[in-house]
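Summary of structural features
Residues per chain, in single letters:
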Amino acid sequence: MRSLRVDADPSQGPESGKAKSEYRNYREGKLLDRVYNTYLQMHTHQTVDFVQKKSAQYGSCSLRKMSAMEALELLDQLVDESDPDVDFPNSYHAYQTAEGIRRAHPDKDWFHLVGLLHDLGKVLALFGEPQWAVVGDTFPVGCKVQKSVVFGDTTFHDNPDSRDPLYSTEYGMYQPRCGLENVLMSWGHDEYMYRVMKFNRFALPKEAFYMVRFHSFYPWHAHGDYLHLCSEEDLRMLPWVRELNKFDLYTKQEELPDVQQLRGYYQALIDKYCPGQLCW
């Protein structure tokens, strides 16, 4: 496994513009109603059956063909309705994340690319999927919802799985330490982008695939829940997910990057690791 040097927290630097405690505020804020309604719909409709159907629907990556840069440009049209911190197109967030990683890890160009593409799966919201089936924090379906799930105490009352005796237990349909690769996560951009990367054989290390697949699993990587489902491999990968999360979260700011100035560098990384027309 690749070594990881943990650098200064980007929330402490001048680029952030606000304190760590101001991020992911789900108690108050101008965007709170929009955010809550997104999670309410998500927690009502994300069931074992729903996830299995979406996994089958998109697992073959036969939706369309386009390059990674074309997918990124599509995100100019998307504002993430689950995010309490930003109200600008997701494409800018991609560059903010990537540039934060690039400054902290100048020797890991593959990691810079992970920052750029980690949210590209959100293109599903532009192809007919509602945002509650694409964005937001992920969580395992088929087992008891843990306390750290956002709005979890007020949003699951109409979810059919909440009335299933097996799915209401700690392990639910899973075995102890079965590994997150064997857990059905709520369907969204993480799993979809992981499928795209795997199907198209991105020439990236396994850490890159893992970070993309689980970067929205905040109840686990930020709060320590669901550890009873984790394998040793999950625990080895956890520092990488947390490292991506630092830049995914704390580089968000209203001052937007100069995309035209940065595009050439990231196009070269795309050409190196995931070139050409990709199957989505």
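Structure: see above.
In this text, all values refer to a predicted model and were calculated from it rather than measured experimentally. (Residues numbered from 1 in each chain as written. Predicted model: local features only at pLDDT ≥ 70, side-chain atom pairs only at ≥ 80, totals over all residues. Heavy atoms only, no water.)

1. Things to note about the overall build of the protein
Keep this limit in mind: Strands are runs of DSSP state E lasting at least two residues, helices are runs of H or I lasting at least four, and both sets are numbered from the N terminus onward. To be clear on the numbers: accessible area is Shrake-Rupley with a 1.4 Å probe, and residue cover counts the displayed protein chains and nothing else.
A tally of regular secondary structure across the protein gives 10 helices and two strands. N-terminal to C-terminal, the α/β element order of the protein is α-α-β-α-α-α-α-α-α-α-α-β. Accessible surface for the protein amounts to roughly 12,300 Å². Of this, 49% is attributable to carbon and sulfur atoms.

2. As for the side chain of Asp-83
Quick reminder of the rule: What makes two residues a contact is simply this: any of their non-hydrogen atoms within 4.5 Å.
Counting through the fold element by element, Asp-83 comes out in the loop between helix H3 (68-74) and helix H4 (90-104). Leaving out residues up to four positions away in the same chain, Asp-83 has contacts with Leu-31, Arg-34, Val-35 and Lys-252.

3. Describing unusual backbone geometry
The criterion, for reference: Partly exposed describes any residue whose relative accessible area lies between the buried limit of under 20% and the exposed limit of over 50%, with all areas from a 1.4 Å probe on protein chains only and scaled to the type maximum.
Even without a glycine there, the phi angle at Cys-61 is positive, about 50°. Along the chain, Cys-61 turns up in the loop between helix H2 (48-58) and strand S1 (65-66). Although it is not a glycine, Arg-201 sits at a positive phi angle of roughly 55°. Residue Arg-201 is classed as exposed on the basis of its relative accessible area of 73%.

4. A word on H4
Heads up, the rule is: A helix's residues, less one, multiplied by 1.5 Å, set its expected span.
Look at H4: 22 Å from first C-alpha to last across 15 residues, which is about the 21 Å you get at 1.5 Å a residue. Of all 15 residues in H4, 12 are buried, a share of seventy percent or more. Of all the positions in H4, only Asn-90, Ser-91, His-93, Ala-94, Tyr-95, Gln-96, Thr-97, Ala-98, Glu-99, Gly-100, Ile-101 and Ala-104 are classed as buried. Close packing links the buried residues of H4 with H3, helix H5 (109-117), helix H9 (232-250) and helix H10 (259-273).

5. Observations regarding the packing of aromatic side chains
Quick reminder of the rule: In this analysis, rings of Phe, Tyr and Trp, with Trp reduced to its six-membered ring, are considered paired at centre separations within 6.5 Å, and the interplanar angle assigns stacked below 30 degrees, edge-to-face beyond 60, and tilted for intermediate values.
Here the structure, examined in full by the defined rule, presents 19 aromatic pairs. With centroids separated by 5.6 Å and ring planes inclined at 25°, the aromatic side chains of Trp-110 and Phe-111 adopt a geometry described as stacked. Plain terms: the ring middles of Phe-214 and Trp-220 are 6.4 Å apart, the flat faces sit at 75° to each other, and that makes the pair edge-to-face. Per residue, the accessibility class of Phe-214 equals that of Trp-220, and both read buried. Joined through ring pairs, the aromatic side chains of Tyr-210, Phe-214, Phe-217, Trp-220 and Tyr-226 make up one cluster.

Purely geometric stuff here, so don't read any function into it on its own.
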